[in-house]
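# Structural description and commentary
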Amino acid sequence: MMPRAELLRDLIADLRIAASFVTILPVASSEPAGDGAIARATWALPVAGLVVGLAGALVYAISSRFGLTSSLAALLALAATALITGALHEDGLADTADGLGGGRTRERKLEIMRDSRIGTYGVCALILSFGLRWSALAAIANPWAVALALCAAHTAARAGLPAFMSQVAPARPDGLSASTGSPPGRSIAIAFVVGTLALTLALGPGKALVSLILLSLAGLMLARLAIRQIGGQTGDILGAFEQTGEILILLVAAAFQIGG
């Protein structure tokens, strides 16, 4: 059995790796991660997502406190989450849309996805992503309900990443996904439990179940699309997965909110 001090050290190391993986927070260790360390730390991705969700919720609450409308508060909250993540996932979504939509061959699609420039498909994907999330948050309106929705969305949207990475092989031998490696089963299970718990506590069992079904279907569709078009997943595909999850969860929260 692992000593308590060593267990705590590994726990902190995993949390730091996960936070540095999906945010711009200065928490990365000065020492290089060992073999398999990033893959092992993927269980903490939803925990890092919770931090992002809390940041957005705080900005929304402060904005509402100062009398801003729900629309303006929602926009500022989205800006805060994009800022704390360095728009990492939005960049992945845009690159995925450009690559899968604009390239004719597998090689060309991968080349486009590595290009730092953004194209028409990417712009349209970002407009849809921000528009749908902004509309959902504005519709929810109540600061407490928005906080719960944001925390659930950012936590659960990242909870499926380890399973996705495990089931869909990297599309190329180099790049972010290939260097990360395949997450172990324990990390996949912990991430799933954390994400499911966040959805259930924040949205309730019914909304959590609907969200999980939609997330699973979206993940399967994206996996099939990525495998058929580029032969697997990349860091950009993972970003698109996260963005899709955020959108779906916030829409579920807004739909149930409107429906009473």
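Reading guide: rules and limits
Residues numbered from 1 in each chain as written. Predicted model: local features only at pLDDT ≥ 70, side-chain atom pairs only at ≥ 80, totals over all residues. Heavy atoms only, no water. Helix = DSSP H or I, 4+ residues; strand = E, 2+ residues; numbered from the N terminus. Buried < 20%, exposed > 50% of the residue type's maximum accessible area, 1.4 Å probe, protein only. Salt bridge = Lys/Arg side-chain N within 4 Å of Asp/Glu carboxyl O. Phe/Tyr/Trp six-rings, centres within 6.5 Å; stacked < 30°, edge-to-face > 60°. Lys NZ or Arg CZ within 6 Å of the ring centre and 35° of its normal. Expected span 1.5 Å × (residues − 1). Core = buried A, V, L, I, M, F, W, Y, C linked by side-chain atoms within 4.5 Å. Contact = heavy atoms within 4.5 Å.

For the rest of this paragraph, the subject is the environment of A191. Counting through the fold element by element, A191 comes out in helix α11 (residues 185-203). A relative accessible area of 0% means that A191 is categorised as buried. In this structure, the C-alpha to C-alpha distance between A191 and A163, residues 28 residues apart in sequence, is 8.7 Å.

Another aspect to go through is unusual backbone geometry. Glycine aside, negative phi is the norm for most residues, and most peptide bonds take the trans geometry. With phi around 55 degrees, A87 is a residue other than glycine that occupies positive phi space. Note on placement: A87 falls in the loop between α4 (70-85) and α5 (88-102). At A141, a position not held by glycine, the phi torsion is positive, near 70 degrees. Tracing the chain through its elements places A141 in the loop between α7 (120-140) and α8 (143-159). Taking relative accessible area as the criterion, A141 reaches 31% and is therefore assigned partly exposed.

The next point concerns the pattern of salt bridges. Under the criterion given, the structure shown has six salt bridges. Linking E90 and R133 is a salt bridge whose minimum nitrogen-to-oxygen distance equals 3.3 Å. Of the two residues, E90 is situated in helix α5 and R133 in helix α7; the sequence distance between them amounts to 43 residues. Considered together, E90 and R133 belong to a single accessibility category, that of buried residues. A salt bridge links R108 to E111; the nearest nitrogen and oxygen atoms lie 3.2 Å apart. Of this pair, R108 and E111 are both found in helix α6 (residues 106-114), three residues apart, which corresponds to roughly one turn of the helix. By relative accessible area, which is 38% here, R108 ends up partly exposed. Because the salt bridges share partners, they merge into one network encompassing E90, R133 and E246.

Centre distance and the angle of the planes are the two values used to describe a pair of aromatic rings. Scanning the entire structure with this criterion turns up one aromatic pair. Relative to F241, the ring of F164 has its centre 5.0 Å away and its plane inclined at 45 degrees; by these criteria the two rings are tilted. One end of the pair, F164, is in helix α9 (residues 161-167); the other, F241, is in helix α13 (residues 235-258), with 77 residues separating them in the sequence. For F164, a relative accessible area of 6% translates into the label buried. On the basis of relative accessibility, which here comes to 11%, the residue F241 falls in the buried class. Above the face of the F130 ring, R133 is positioned so that its terminal group lies 4.7 Å from the ring centre.

Let's shift gears to helix α12 (residues 205-230). The terminal C-alpha atoms of α12 lie 36 Å apart, and with 26 residues this matches the ideal 38 Å at 1.5 Å per residue to within 8%. Of all the positions in α12, only A208, S211, L215, A218, G219, L222, A223, A226 and I230 are classed as buried. At the exit of α12 stands G231, carrying a positive phi of roughly 85 degrees.

It is worth spelling out helix α3 (residues 45-65) at this point. In a regular helix each residue adds 1.5 Å, so 21 residues correspond to 30 Å; α3 covers 30 Å between its end C-alpha atoms and thus fits that length. Taken together, the buried positions of α3 are occupied by L45, P46, A48, G49, V52, G53, G56, A57, Y60 and S63.

Attention now goes to the nonpolar core. Core analysis: the largest hydrophobic core is formed by 26 residues, its most contacted members being L137, I140, L199, L203 and I249. Of all elements in the fold, only α3, α4, α7, α8, α11, α12 and α13 reach the threshold of two or more residues within this core. Of the residues forming this core, the biggest block, eight residues, is contributed by α8. Beyond its immediate sequence surroundings of up to four residues, L203 is in contact with A149, A152, S211, I249 and A253. In this structure, V22, L110, I230 and A240 belong to the second largest nonpolar core, which totals 25 residues.

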